[in-house]
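Chain and residue survey
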Amino acid sequence: MDTHPYNPPMCFVRPTKDMLIKPSKNVDANGRIYLPYLHEWKFSNSDLIGLIQVMSVVFGEASPVYAKPQKASPPRPTYPPWGYPHPQQFNPYPTNSGFMPMPNASGQPQNSGYYPPQNPPTSSYQHLAQRDILNVFASFSGLKPKSDEYAFNDGSVKDLLCIDGTIPVHYKGAKYNIPVCIYVMDTHPYNPPMCFVRPTKDMLIKPSKNVDANGRIYLPYLHEWKFSNSDLIGLIQVMSVVFGEASPVYAKPQRATAPRPVDSDSN
């Protein structure tokens, strides 16, 4: 838009000749993209990088395209031993091409695994981590820093910076503040943080594919974390979108209270 960044852009999926659009609540039959991130666009908190990061997560959950059915082709001719060699079958989606294999209409399961480690360079990177962390506090007033112990799976315990507080989430037309804590590794930003939903005393965790029973958050954005393309603001924006689709908490049921006795006047 000529009023960018004060107004959101218009976004479309543009399938190639070998693809078809798969309409959903986020993409219509013409390929127009609809996301809460676009609907709630604000200059101070929204940008194109964050938008593209959100698209990557949403389309990782439900692909907006699928492969066009191939027409049956006549069988290939075979060649005699003294003739031309049999032509090799062409693979339109080589695994080393950098492109994800095209899903079919029913979609393909996600690969398992979590947090491939990255080795940070030997040069100093503390200033990069500090800049990334300060950007969070400048953008999200509900988050504050604190020092907290984190117990790793091997039994070791380390004091880490914890970004603690709430993030804004729009769920079913209403705005909620979801409590989270983000433990920042001392190798940040070269390794992803550990993220948890921290329900208050009035909430219970609602386990899903993105949040386990302990509140640990699992997202493709974390699994595919790369220093050059990933940061804390992008992570929080993705959390807001994912939790807007499926809330990670729900209100704790209230216990029924016994009726209070009624005093009767004695005669």
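**Digging into helix H2 (residues 48-61)**
The end-to-end C-alpha distance of H2 is 20 Å, a good match for the 20 Å that 14 residues give at a rise of 1.5 Å each. Within the span of H2, buried status applies to Gly50, Leu51, Gln53, Val54, Met55, Val57 and Val58. Each element contacted by the buried residues of H2 is listed here: helix H1 (36-39), helix H4 (220-223) and helix H5 (232-245). Measuring from the side-chain oxygen of the N-cap residue of H2 to the backbone nitrogen of Ile49 gives 3.3 Å; that N-cap residue is Asp47.

**Concerning a nonpolar patch on the surface**
Together, Met1, Met10 and Phe12 line one region of the surface with nonpolar side chains, adding up to about 310 Å² of accessible area. The topology assignment puts Phe12 in the segment before strand S1 (19-21). Among the residues examined, Phe12 registers a relative accessible area of 38% and is labelled partly exposed.

**A few points about helix H3 (residues 126-139)**
In an α-helix, one turn spans 3.6 residues; hence positions three or four apart end up facing the same way. The terminal C-alpha atoms of H3, which comprises 14 residues, lie 20 Å apart, in line with the 20 Å expected from a rise of 1.5 Å per residue. Within the span of H3, buried status applies to Leu128, Ala129, Asp132, Ile133 and Val136. Burial along H3 is one-sided: seen end-on, the buried residues are contained in an arc of 130 degrees. In H3, those exposed residues whose orientation departs by more than 90 degrees from the buried face are Gln126, Gln130, Arg131 and Ala138. Buried residues along H3 sit in contact with strand S3 (143-151), strand S4 (157-171), strand S5 (174-184) and H5.

**Details of the nonpolar core**
Residues Ile167, Leu219, Leu235, Met239 and Phe243 are the most contacted members of the largest nonpolar core, which totals 30 residues. Of all the secondary-structure elements, those providing two or more residues to this core are H3, S4, S5, strand S6 (194-197), H4 and H5. When residues in this core are grouped by element, the largest group, eight residues, is from H5. Non-local contacts of Ile167, meaning those with residues more than four positions away in its chain, are made with Leu143, Tyr176, Asn177, Ile178, Val180, Ile236, Met239, Ser240 and Phe243. Listed in part, the 16 residues of the second largest apolar core include Cys11, Val13, Val65 and Val241.

**A closer look at the sheet that holds S4**
Within a sheet, each strand pairs with its neighbour through backbone hydrogen bonds, oriented either parallel or antiparallel. Here four strands make up an open sheet; going across it, the order is S3-S4-S5-S6 and the pairing antiparallel. The sheet terminates laterally at S3 and S6, the two strands that pair on one side only. Sheet twist, expressed as the average angle between the axes of neighbouring strands with direction ignored, equals 35 degrees. The pairing of S3 with S4 spans nine bridges and is antiparallel. Within the sheet, the bridge partner assigned to Ala151 lies in S4 and is Val157.

**A word on the packing of H3 against H5**
Following both chains from N to C, one finds H3 and H5 inclined at 45 degrees, their axes separated by 8 Å at the closest point. Regarding the angle of H3 to H5, the classification is oblique. Side by side, H3 and H5 meet where Asp132, Ile133, Asn135, Val136 and Ser139 of the first sit next to Leu232, Ile233 and Ile236 of the second. Residues that form the contact of H3 with H5 fall into these classes: five nonpolar, two polar and one charged.

Parameters and conventions
Residues numbered from 1 in each chain as written. Predicted model: local features only at pLDDT ≥ 70, side-chain atom pairs only at ≥ 80, totals over all residues. Heavy atoms only, no water. Helix = DSSP H or I, 4+ residues; strand = E, 2+ residues; numbered from the N terminus. Expected span 1.5 Å × (residues − 1). Buried < 20%, exposed > 50% of the residue type's maximum accessible area, 1.4 Å probe, protein only. Contact = heavy atoms within 4.5 Å. Polar contact = N/O pair within 3.5 Å; in protein donor to acceptor, adjacent residues only side chain to side chain. Patch = residues over 30% accessible without salt bridge, like charges linked within 9 Å, V, L, I, M, F, W, Y side chains within 5 Å. Areas by Shrake-Rupley, 256 points an atom, 1.4 Å probe, with all protein chains shown as cover. Salt bridge = Lys/Arg side-chain N within 4 Å of Asp/Glu carboxyl O. Arc of directions from axis to C-beta. Core = buried A, V, L, I, M, F, W, Y, C linked by side-chain atoms within 4.5 Å. Pairing = 2+ DSSP bridges. Axes fitted to C-alpha atoms, helices over the stretch in contact; angles between N-to-C directions. Parallel < 35°, antiparallel > 145°, perpendicular 65-115°, else oblique. Nonpolar A, V, L, I, M, F, W, Y, C, P; charged D, E, K, R; others polar.

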